[in-house]
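Notes for the structure review
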Amino acid sequence: MLLPQKPLRRRPLRRWPPTRAPTATRRSTCSYAGCCARRTGHARGCWAVTTSHPSPSARAWTTCTPSAGSSPPCTQRLLVVGESGAGKTVLAIELVLQLLESPLATGRPPRTVPVRLNAARWTPGRPFESWLAEQLVQDFGLAAGDAHRLVRDRRVLPVVDGLDELDPGPPAGPPRRAMGLLAELNRYSDLSGRRAGAVVVTCRADRHAELRAAGVWLDNATVIRLHDLSVEQIAVYLKARWPDGHPCADHRDGIQAALSGPDGRAVHLALATPWRLLLTATAVESGADPYELLRVDPHADSRAGAEVIARRLLEAYVPAATRLTPRAAYGTAYQPEQVRAWLEHMAAHLRRQAGHSAGADRPPPGLTAIDLVPHLLWPIGGRFLVRALHGVCAVTLAVVAMVAFWTGSAAGDVGGDVGGAWAGAPSRRSPWRS
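A brief structural summary. (Residues numbered from 1 in each chain as written. Predicted model: local features only at pLDDT ≥ 70, side-chain atom pairs only at ≥ 80, totals over all residues. Heavy atoms only, no water.)

Remarks on helix H12 (residues 302–324)
What counts, and what does not: Only runs of H or I of at least four residues qualify as helices and only runs of E of at least two qualify as strands under DSSP, and these elements are numbered from the N terminus. Take the number of residues in a helix, subtract one, and multiply by 1.5 Å to get its expected span. Given a residue, its bend is the angle between the two axes fitted to the seven residues that end at it and to the seven that start from it. With a 1.4 Å probe rolled over the protein chains alone, any residue whose accessible area is under 20% of its type maximum counts as buried; one over 50% counts as exposed, and the rest are partly exposed. Polar contacts, as used here, are pairs of N or O atoms within 3.5 Å; protein pairs need one atom able to donate a hydrogen and one able to accept it. Residues neighboring in sequence count only if both atoms are side-chain atoms.
Over its 23 residues, H12 runs 31 Å from end to end, which matches the ideal 33 Å to within 8%, given 1.5 Å per residue. At Tyr317, H12 shows its maximal kink, close to 30°; a proline, Pro319, follows between one and four residues later. For H12, the full list of buried residues reads Gly305, Ala306, Ile309, Ala310, Arg312, Leu313, Ala316, Val318, Ala320 and Thr322. With a side-chain oxygen lying 3.1 Å from the backbone nitrogen of Arg303, the N-terminal cap of H12 falls on Asp301.

Put into structure tokens, the structure is as follows:
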């Protein structure tokens, strides 16, 4: 999500449960973690982050207390953790762009090229290196030999986005697919084979907690935890999006009043992620009243009130988007009911794909919970209806082809008979020829 430029204050690190050791909170010397930390003050991103370092000699988290002038080891393994809508994917994309900025500016080829990958496309039991090479072939059109050579020489930095999407749906036991991918990533080493290979992974906070409870995590990784937006950050974003003189500038005070009012806790919980803040801004720009959007039952619990506001923002987004970006082609504007129905059908299709891929050891390419592939969209029209129409069309084409063949054969036979009769007829000379 796009949030304004302003240096942000570091918020306290959320502690692990008492059964685990506490974690230090300070700036990381890992180049990837530092790149993410710098995003806290960038004009195109606004995250409150904290970094934590694993112990080099143990898999448990420990407090980092380096001596003067020393720094923790640069493992170049990063795990980005945050709530749904906190901006993990946007942060991963920004990390890829920042790592490429310097090589593009200097004209020197980078030692490693960061590549963002969808974790949901990984199939259980597949070695990570061969899967990574396959993704390079599919997404970038590289030759198979070149892709395997780049992976073998560690010229690719994998940015694996969406570890939590490997096990979609409500939890029914440990997230085994995510655990399998983490096991493969822990076996992924650098060129020497003695140290862990460079990799970046993003994961939702609740799934990360489940993996930790199951005793599985990314070895030797620096953890970047995305926190909720503060009230000050929300105010800075609205000021940058609606400066003085903007038609919606007067609504800034209304949103600030809701945040500081008696129901401010529920409103803040509802707007604490960049995604929901963007929903709010879009709805207000389309003409919605912020008071109605952020209205809460004064007797309701803060979290329950935040859920009510979140549902209201989601319901208002499609009408707002269709109103702000009308359809220019064909002269007919999209109707919110049409768009909502299309989105519901596509969401149901993705859920079916997720269920199919979860029950298959090696699902076909594109049959995941996040991919919309054109030639795999036919079940949206109804499996039985589409198959019936396909059968009717096939039979019709077969009949037409057979009729055309018979008609052509009959015409050929008639033409042959006429030609033979003409050839066998006696020739008649012209009367003026001798």
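Still to come is the rest of the account.
Regarding the packing of helix H10 (residues 274–285) against H12
Under the convention used in this document: The angle between two axes is taken between their N-to-C directions and runs from 0 to 180 degrees, where each axis is a line fitted to C-alpha atoms and a helix contributes only its stretch in contact. If an angle is under 35 degrees, it is roughly parallel; if it is over 145, roughly antiparallel; if it lies from 65 to 115, roughly perpendicular; otherwise it is oblique. A clockwise turn of the near helix away from the far one marks a right-handed crossing, whereas an anticlockwise turn of less than a right angle marks a left-handed crossing. Any two residues having at least one pair of non-hydrogen atoms within 4.5 Å are treated as being in contact. Nonpolar residues are Ala, Val, Leu, Ile, Met, Phe, Trp, Tyr, Cys and Pro. Charged residues are Asp, Glu, Lys and Arg, and all others, Gly as well, are polar.
Between H10 and H12, the shortest axis-to-axis distance is 8 Å and the interhelical angle comes to 50°. What the angle tells us is that H10 and H12 run oblique. Here H10 runs over H12; the crossing is left-handed. Counted together, Trp275, Arg276, Leu279, Thr280, Thr282, Ala283 and Glu285 of H10 and Glu307, Ala310, Leu313, Leu314, Ala316, Tyr317, Ala320 and Leu324 of H12 form the full contact between these two elements. Broken down by class, the residue content of the contact of H10 with H12 amounts to 10 nonpolar, two polar and three charged.

Let's talk about the side chain of Asp164
Along the polypeptide, Asp164 turns up in the loop between strand E4 (156–161) and helix H5 (176–187). Looking at Asp164, the relative accessible area reads 9%, which means it is buried. Reaching out from Asp164, the side chain makes a polar contact with the backbone nitrogen of Arg204 at a distance of 3.0 Å. If we skip the residues at most four places from it in the chain, Asp164 touches Thr202, Cys203, Arg204 and Arg207.

Re the side chain of His268
Looking at where His268 falls in the secondary structure, it is placed in helix H9 (residues 264–270). Using a relative accessible area of 15% as the deciding quantity, one classes His268 as buried. Side-chain polar atoms of His268 contact the backbone oxygen of Leu229, separated by 2.7 Å. Excluding anything up to four places from it in sequence, His268 contacts Leu229, Ser230, Val231, Ile234 and Leu259.

Observations regarding the layout of surface pockets
Operational definition: A pocket here means an open set of points on a 1 Å grid, computed over the protein atoms alone, that has protein on both sides within 12 Å along at least five of seven lines. A cavity is instead a set of points where a 1.4 Å probe fits but cannot get out; residues with an atom within 4 Å of a point line either one. Grid points are joined across faces, edges and corners, and a volume is the space filled by probe spheres set on the points.
Estimates place the volume of the largest pocket at around 1,600 Å³. Surrounding the largest pocket, 44 residues form its lining, Ser84, Gly85, Glu165, Arg204 and Trp275 being those nearest its centre. Only helix H2 (88–106), strand E3 (113–118), strand E5 (199–204), H10, H12 and helix H13 (336–358) provide two or more residues apiece to the lining of the largest pocket. Tallied by class, residues from the lining of the largest pocket come to 19 nonpolar, nine polar and 16 charged.

Some words on a nonpolar patch on the surface
Which entries qualify depends on this criterion: What goes into a patch is any residue over 30% in relative accessible area without a salt bridge, connected to like charges within 9 Å or, for nonpolar side chains (Val, Leu, Ile, Met, Phe, Trp, Tyr), within 5 Å. Accessible surface area values rest on a Shrake-Rupley calculation with a 1.4 Å probe, where residue burial reflects the displayed protein chains alone. By convention in these notes, a salt bridge is any Lys or Arg side-chain nitrogen within 4 Å of a carboxyl oxygen on Asp or Glu.
The grouping of Val395, Val399, Met402, Val403, Phe405 and Trp406 at the surface amounts to a nonpolar patch, some 620 Å² of accessible area in total. Mapped onto the fold, Val395 is located in helix H14 (residues 383–424).

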